[in-house]
Amino acid sequence: MPPLAAFRRAVRAAVAAAFAFALGLAAAAPAPARSALPSGDPVGPRVELTPAEPRAGEMAVVEVDCRPRGGLCPEGLSLRWAGQDIALFPHPVRGPAFRAGLLAVPLTAKAEATALEALWSEAGRPVSRPVAFRIRAGVFAEEALRVDPRHVHPSPQDRERIRREREELERIYAAGAPSPLWRGRFLAPVPGEVSGAFGTRRVFNGELISRHTGVDFRAAAGDPVAAAASGVVRLGKELFYSGNAVVVDHGAGVFTSYSHLSRIEVGVGQRVARGEGIGRVGATGRATGPHLHWGVKVNGVAVDPLALLEATALLARE
Ligand SMILES: [Zn+2]
């Protein structure tokens, strides 16, 4: 077979394998491993996930090793999983032959075998390779809370306000800085212990059920709140549910948010450093008392902020 025909056939096989994984037919799909492809085909980069089997609501560090290609990462290399574009950036410690990224597993993801797709271009032709991994089930508690009835049955005007605020946040999360603005590991924004875990099923006033898409820290009203890492402030205003809130863009698809503040001490567009004060703890918005609600979005997906602390420490080898 002429080399070009063999190459095309291998690309078709790899794409078919990727689709088979997407359809949940992993067991029936041919082995997608690089070694199964005929010799002379383009060598793909090695893609590693840590942990290899992330939990729902958590995340994995993705490390791309381009040493099998002589240390040069291919043109247009990108990673996709479940509609998520995983932002790739130069690896902070492993050198120029490596790229890094963060894969966010939604709270609602099922425990199952899946595969992300590595895409790049080889002599102007698109190449696709599946990278198989497993998702483990998340473990989430349930709790009952009492709040102001206004936050359980919002008025028509409040519902309109909630819709506008949701759209504003979606626009912010879709337009972050493309490259990382942070260095090293992220740090918790307050020193207190966790009083409310990520992902908890919450029953407000005995009726409204929602998921807790951040982590709560015990803190007193007026305590300083610090930026978890360096970045740019994209929002600093009062929101219906979050109360006084600050959103920081850390680049490469990573955002942190700080809610229920008594005071906001930064402005939109302001650069902040890790540990720099951004506001004060409070109980504004849908809160039962003073505490800090800390949220994290990665590639548009809400994940456990404690998983971001671990992932960024691992990435920086700190
Ligand atoms: Zn909370």
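In this report, the structure presented in the accompanying data block is examined. Because the structure is predicted, anything quoted here is derived from the model rather than measured.

## Observations concerning the overall build of the protein chain
Next, step 1: Each helix and strand counted, the protein chain has three helices and 22 strands in total.
Next, step 2: The 318 residues of the protein chain split such that 36% are buried.

## So, the sheet that holds strand S18 (residues 263–264)
Next, step 1: Pairing is antiparallel in the open sheet, where three strands are placed in the order S14-S20-S18. Two strands in the sheet have a free side with no partner beyond their single neighbour: strand S14 (224–226) and S18.
Next, step 2: The sheet contact formed by S18 and strand S20 (residues 277–280) spans two bridges and is antiparallel. Looking across to S20, one finds that Arg-263 is bridged to Arg-280.

## Brief notes about the nonpolar core
Next, step 1: Within the largest apolar cluster, 63 residues are counted, with the highest numbers of intra-cluster contacts made by Met-59, Val-62, Leu-102, Leu-103 and Val-303.
Next, step 2: Top contributing element to this core by residue count: strand S6 (residues 98–104), with five residues.
Next, step 3: A domain-level breakdown of this core finds at least three residues from each of domain 1 (3–134) and domain 2 (142–315).
Next, step 4: Residue contacts for Met-59: discarding those within four places in its chain leaves Pro-54, Leu-102, Leu-103, Ala-104, Val-105, Val-298, Val-303, Ala-307, Leu-308 and Ala-311.

## Things to note about the sheet that holds strand S11 (residues 201–204)
Next, step 1: With mixed pairing, three strands are arranged side by side in an open sheet as S9-S11-S12. Since the sheet does not close on itself, it has two edges, and those belong to strand S9 (142–145) and strand S12 (208–211), each with one partner. Geometrically, the sheet is characterised by an average inter-axis angle of 25° between neighbouring strands, direction not taken into account.
Next, step 2: Of the strand pairs in this sheet, S9 and S11 are connected by four bridges, and their pairing is parallel. Directly across from Glu-143, in S11, lies its bridge partner Arg-202.

## Some words on helix H2 (residues 156–173)
Next, step 1: Along its 18 residues, H2 runs 26 Å from first to last C-alpha, staying within 8% of the 26 Å computed at 1.5 Å per residue.
Next, step 2: With respect to burial, H2 is a largely exposed element, only one of its 18 residues being buried.

## Some points on unusual backbone geometry
Next, step 1: For the peptide bond that leads from Thr-50 to Pro-51, omega is -5°, which places it in the cis range.
Next, step 2: Counting through the fold element by element, Pro-51 comes out in the loop between strand S1 (46–50) and strand S2 (59–65).
Next, step 3: With phi around 50°, Ala-123 is a residue other than glycine that occupies positive phi space.
Next, step 4: Considering the arrangement of structural elements, one finds Ala-123 in the loop between strand S7 (113–122) and strand S8 (125–134).
Next, step 5: Residue class for Ala-123 comes out exposed when judged on the 9 C-beta atoms lying within 10 Å of it.
Next, step 6: The residue His-260 is not glycine, and still its phi comes out positive at about 65°.
Next, step 7: Locating His-260 in the fold gives a position in strand S17 (residues 254–261).
Next, step 8: Classification of His-260 by C-beta neighbours within 10 Å gives buried; the count is 28.

Conventions used here
- Within any chain, residue numbers begin from 1 and follow the written order of that chain's sequence.
- Whole-chain, interface and lining totals are the exception, using all residues; otherwise, since this is a predicted model, local features are given only for residues with pLDDT of at least 70 and side-chain atom pairs are given and counted only at 80 or more.
- Each helix corresponds to a stretch of at least 4 residues labelled H or I by DSSP, and each strand to a stretch of at least 2 residues labelled E; elements are numbered beginning at the N terminus.
- The burial criterion counts other C-beta atoms lying within 10 Å of a residue's C-beta, which is placed from the backbone; the residue is buried at 20 or more, exposed at 12 or fewer, and partly exposed between these limits.
- Here the rule is simple: two strands pair whenever DSSP picks up at least two bridges between them.
- In these notes, a nonpolar core means any group of buried Ala, Val, Leu, Ile, Met, Phe, Trp, Tyr and Cys residues linked to one another through C-beta atoms within 7 Å.
- An automatic or database domain assignment supplies the start and end points of every domain.
- C-beta atoms are placed from the backbone for every residue, and two residues are taken to be in contact when these atoms lie within 7 Å.
- The axes used here are C-alpha line fits, helices contributing only the stretch in contact, and every angle between their N-to-C directions lies in the interval 0 to 180 degrees.
- Expected helix span is computed as 1.5 Å times (number of residues minus one).

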